[in-house]
Amino acid sequence: MIWKIFFVLVTLLFLFLQTGGIVSTFKLSEFSISAGYILSLFFVFISGFFYSLGWKKRLYSYKAAKGIFAFLVLFLISITILAILSGLDMIAFHLKVSGQTDMMPYLMRLIFVVALVYITMSLPVIFAFFKYKKHYDTLCCVEKPYWKMFLLYFSLTSFVNNVYAIFAKGISIYNVWDYIAICMPIIGFFYTVGFAFNIKFGKQILWKVLFIPYVLFLVAEIFLCSDDYLTMVGLQTTKISYSGLVAYALILVTFAYACYRYALKDDVYKKIEANT
């Protein structure tokens, strides 16, 4: 039960970070935007350990699990160093105001507090990793685990962002393309969940007909929708941020490929029908 709780908490934190960074994200630096995307990806993968232990599913291979853990260690070292570097300015200001010259006691205190905070925050993930390794052979294999993670989180993020866009400002300020964009995650949900979980939603011909206009609109969305809507859902960053543009393109290509497999590849739908 504890691992299911951690999974829910991490998922909620992930969604909060998505909506918390929506407004005026285009004002952030290129580094901050890149770090935000990396942090979001990091949350998705570490939540996989909690999901695996909570529902007894094997999402990662043994090597992949070690790779994710290595990234966790590297991530901890990086944010610890960045936090310490950020704190040096505060220490320098304090020494200047107080007239002191000995920086070492304050530096050691800063390093201790920062390391303690980040290590404490990461302990659940560290314990989950070693428990995942210990029970690796007892966990049930999952088909297309990475697709399940990516597509479910993508659908959740799209849904939350659009709900946020509706209530953050009145929907009356949006144009007709904004209305269409707000409804698009509904279609995306059927594509993504159907492909990732091998679920049949009606006739395949329906998804074939919708596929081309759906993908075309996803590509043209940043050119058709209003600035108010794009700002609310975080797409405004793609207009001036190389990091945002690259991330959006990679996500779009991956997402479109999943839609293509579900809509146009007969082997996928035949497998779904066979399972049902």
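Keep in mind the model is a prediction, meaning the values are calculated, not measured.

(A) Up close: the overall build of the protein. Per the secondary structure count, the protein includes 10 helices and 2 strands. Reading the helices (α) and strands (β) of the protein from amino to carboxyl end gives α-α-β-α-α-β-α-α-α-α-α-α. A buried classification covers 41% of the 276 residues belonging to the protein. Taking the intrachain contacts of the protein between residues at least 6 apart in sequence as the baseline, contacts between residues at least 24 apart amount to 77%.

(B) Structural context of the packing of helix H6 (residues 176-197) against helix H7 (residues 204-224). Their axes nearest at 10 Å, the elements H6 and H7 cross at an angle of 135°. It follows from the interaxial angle that H6 and H7 lie oblique. The interaxial crossing formed by H6 with H7 has left-handed handedness. Contacts from Trp177, Ile180, Ala181, Met184, Ile187, Gly188, Phe190 and Tyr191 of H6 reach H7 at Trp207, Leu210, Phe211, Tyr214, Phe217, Leu218, Glu221 and Leu224. By residue class, the composition of the contact of H6 with H7 is 14 nonpolar, 1 polar and 1 charged.

(C) A look at a nonpolar patch on the surface. Together, Met1, Ile2, Ile5, Val8, Leu9 and Leu12 make up a nonpolar patch on the protein surface, roughly 610 Å² of accessible area in all. Tracing the sequence through the fold places isoleucine 2 in helix H1 (residues 2-20).

(D) Broad picture of the nonpolar core. Counting residues in each nonpolar core, the largest one holds 33 residues, and the members touching the most others are Tyr191, Trp207, Tyr214, Tyr229 and Tyr262. When contributions to this core are tallied by element, the ones reaching two or more residues are helix H5 (145-168), H6, H7, helix H8 (227-233), helix H9 (242-264) and helix H10 (266-275). No other element matches H9, which puts 8 residues into this core. Those residues within four positions of tyrosine 191 in sequence are excluded, and the remaining contacts are Trp207, Leu210, Phe211, Tyr214, Cys259, Tyr262 and Ala263. Counting 30 residues, the second largest nonpolar core, distinct from the first, contains Val10, Phe50, Tyr60 and Leu76.

(E) Up close: H6. If you check H6, its first and last C-alpha atoms are 33 Å apart, about what 22 residues at 1.5 Å a residue would give, namely 32 Å. By the N-cap criterion, in which a side-chain oxygen at the helix start approaches the backbone nitrogen of a residue two or three places on, H6 is capped by asparagine 175, the distance to tryptophan 177 being 2.8 Å. Once H6 ends, the next one or two residues include asparagine 198, with phi positive near 55°.

(F) View of the environment of valine 125. Tracing the chain through its elements places valine 125 in helix H4 (residues 104-134). Accessibility expressed as a relative area gives 7% for valine 125, which makes it buried. Spatially, the C-alpha atoms of valine 125 and phenylalanine 69 are 8.7 Å apart, while their sequence positions differ by 56 residues. If we skip the residues at most four places from it in the chain, valine 125 touches Ile46, Phe50 and Leu72.

(G) Highlighting the packing of aromatic side chains. Summed over the entire model, instances satisfying the criterion amount to 33 aromatic pairs. A ring pair is formed by tyrosine 51 and tryptophan 55, whose centres lie 4.9 Å apart and whose planes are at 25°; its orientation type is stacked. One end of the pair, tyrosine 51, and the other, tryptophan 55, are both in helix H2 (residues 30-55), 4 residues apart, so they sit about a helical turn from each other. A relative accessible area of 27% places tyrosine 51 in the partly exposed class. Among the residues examined, tryptophan 55 registers a relative accessible area of 34% and is labelled partly exposed. Arranged with centres 6.0 Å apart and planes meeting at 75°, the rings of tyrosine 132 and tyrosine 136 form a pair that is edge-to-face. Since its relative accessible area comes to 0%, tyrosine 132 is described here as buried.

Parameters and conventions
- Residues numbered from 1 in each chain as written.
- Predicted model: local features only at pLDDT ≥ 70, side-chain atom pairs only at ≥ 80, totals over all residues.
- Heavy atoms only, no water.
- Helix = DSSP H or I, 4+ residues; strand = E, 2+ residues; numbered from the N terminus.
- Buried < 20%, exposed > 50% of the residue type's maximum accessible area, 1.4 Å probe, protein only.
- Contact = heavy atoms within 4.5 Å.
- Axes fitted to C-alpha atoms, helices over the stretch in contact; angles between N-to-C directions.
- Parallel < 35°, antiparallel > 145°, perpendicular 65-115°, else oblique.
- Left-handed = near helix turned anticlockwise from the far one by under 90°.
- Nonpolar A, V, L, I, M, F, W, Y, C, P; charged D, E, K, R; others polar.
- Patch = residues over 30% accessible without salt bridge, like charges linked within 9 Å, V, L, I, M, F, W, Y side chains within 5 Å.
- Areas by Shrake-Rupley, 256 points an atom, 1.4 Å probe, with all protein chains shown as cover.
- Salt bridge = Lys/Arg side-chain N within 4 Å of Asp/Glu carboxyl O.
- Core = buried A, V, L, I, M, F, W, Y, C linked by side-chain atoms within 4.5 Å.
- Expected span 1.5 Å × (residues − 1).
- Polar contact = N/O pair within 3.5 Å; in protein donor to acceptor, adjacent residues only side chain to side chain.
- Phe/Tyr/Trp six-rings, centres within 6.5 Å; stacked < 30°, edge-to-face > 60°.

What is shown is where atoms sit, not what they do.
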